[in-house]
Amino acid sequence: MNRRQTLSLLGASAVALFAALPVGSQPAFAQAAPPSPPVRVGEINSYTGLPAFTIPYRQGWQLAVEEINAKGGLLGGRKLEVVSRDDAGKPDDAVRVAQELLSNEKVDLLAGTYFSHIGLAVADFAARNKIPFVAAEPLTDAITWSKGNRYSFRLRPSTYMQAAMLVEEAAKLPAKRWATVAPNYEYGQSAVTWFKQLLKEKRPDVEFVAEQWPAQGKLEAGPTVQALAASNPEAIFNVTFGADLAKFVREGEGRGLFKNRAVVSLLTGEPEYLEPMKDEAPEGWIVTGYPWDQIDTPEHKAFRDAYSARFKEAPRQGSVVGYSTLKAIAAAVDKAGSTDPERLVAALSGLSIVSPFGPITFRASDHQATMGAYVGVTTVKDGRGTMKNWRYADGAAYLPSDEAVRALRPAE
């Protein structure tokens, strides 16, 4: 017998001996299976550009990831992992980091974005590269309608939906002469367009006598307030937010713009924007927002308690958005039973989850979720801005029919 035959015989004997051993007595190194790769989400947002919203948003998705992984992860033990990037508030940067996440980080899907024009850029990238994208925050209707595509989905109620919620209240006002002020980019333009159209449908007697279009983040409060006052409106529709909103409120109060005038305002009831104004917050504005300390549904209480325990602070609107985005992604992965892009798209279409705001569904017809918003009136309590007389407006009640939106979306 030569040396090669001897080694072969010894090898076969060793294998037979190993196979005969009881499972518990096999060497430990032989029992260890290679770890399953994580499910990777490429997350993109304007962290440096709008920290008031995006930091609570990030904490929201971090909480969701921790909860999911604590329960065993996804697909039989795979961890959920988020690879996050800052888009610097620029569409070109967002597309660049999306490509890096896909090519270098090998993410399974994309999520996030705040500004509408950035969300549209990433949605277009997703369609061209056939990778699922869950748009967390951008509100433009183009993401799900005129520029909608197979691979893009949106969580938050759109400009159309929130405009419709506010129009329901605005139409009850006696005001006929309206003025508008909104940031001059996709979100502001879309919000004003829908508010005007929907209000005129309910109240053909109204007219819009002035429009102001400040650049986002660069509102010149004095000239803007002066121009609005010169048009002598009976009511104002406001779409500014963040630092622009605070400047607009302060200057408007100082110049008497809001005296004896109704103000209807998108997003102003969200604590990210309302609470920093403290006792300078406006009184009596009709708004969409999030009265986090007054909602006592079981699903919201569970979320609020978990978030407050983890981060030692109250949740914000962004917290709910971030949390719900990752919960939706996890549910889609489990439903698909895979991270295959086409199977994930199929799973997201018609997907239902329970969010802190209650049950929501991503409609198969336009990929818009039915998450709603709280509609109420601003007030100041204990030295901070908050909401009163609010109600939850279910997003499903403020969406066009499936048949109507099919005419708005490009053919796939």
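Just above, that's the structure.
Residues numbered from 1 in each chain as written. Predicted model: local features only at pLDDT ≥ 70, side-chain atom pairs only at ≥ 80, totals over all residues. Heavy atoms only, no water.

Caption draft 1: Representation of the packing of helix H3 (residues 51-70) against helix H11 (residues 298-311). Their axes nearest at 11 Å, the elements H3 and H11 cross at an angle of 100°. The orientation of H3 relative to H11 falls into the category roughly perpendicular. Contact residues: H3 offers Pro-56, Gln-59, Gly-60, Gln-62, Leu-63, Glu-66 and Glu-67, while H11 offers Phe-303, Ala-306, Tyr-307, Arg-310 and Phe-311. Here the residues of the contact of H3 with H11 are counted per class, giving six nonpolar, three polar and three charged. (Axes fitted to C-alpha atoms, helices over the stretch in contact; angles between N-to-C directions. Helix = DSSP H or I, 4+ residues; strand = E, 2+ residues; numbered from the N terminus. Parallel < 35°, antiparallel > 145°, perpendicular 65-115°, else oblique. Contact = heavy atoms within 4.5 Å. Nonpolar A, V, L, I, M, F, W, Y, C, P; charged D, E, K, R; others polar.)

Caption draft 2: Broad picture of empty space enclosed by the protein. This model, assessed by the stated rule, comprises three cavities of 30 Å³ or more. Around the largest cavity, the lining residues are Tyr-114, Phe-115, Ser-116, Glu-137, Pro-138, Leu-139, Tyr-185, Tyr-187, Phe-241 and Leu-267. For the lining of the largest cavity, the per-class residue count stands at eight nonpolar, one polar and one charged. Forming the boundary of the second largest cavity are 13 residues, of which Gly-269, Glu-275, Tyr-290, Pro-291 and Thr-386 lie nearest the centre. Within the residue set of the lining of the second largest cavity, elements represented by two or more residues are helix H10 (271-274) and strand E14 (384-393). Per element, the largest residue contribution to the lining of the second largest cavity is four residues, and it comes from E14. By residue class, the composition of the lining of the second largest cavity is six nonpolar, three polar and four charged. (1 Å grid on protein atoms, 1.4 Å probe; cavity = no way out; pocket = protein on both sides within 12 Å on 5 of 7 lines; lining within 4 Å. Points joined across faces, edges and corners; volume = space filled by probe spheres on them.)

Caption draft 3: Seen up close, the packing of helix H6 (residues 159-170) against helix H7 (residues 186-202). One can describe the packing of H6 onto H7 by two numbers: an axis separation of 9 Å at closest approach and a directional angle of 40°. Between H6 and H7, the crossing angle belongs to the class labelled oblique. The handedness of the crossing between H6 and H7 is right-handed. Counting all contacts with H6, which are made through Thr-159, Tyr-160, Ala-163, Ala-164, Leu-166, Val-167 and Ala-170, the residues of H7 involved are Tyr-187, Ser-190, Ala-191, Trp-194, Phe-195, Leu-198, Leu-199 and Lys-202. Looking at the contact of H6 with H7, its residues break down into 12 nonpolar, two polar and one charged. (Left-handed = near helix turned anticlockwise from the far one by under 90°.)

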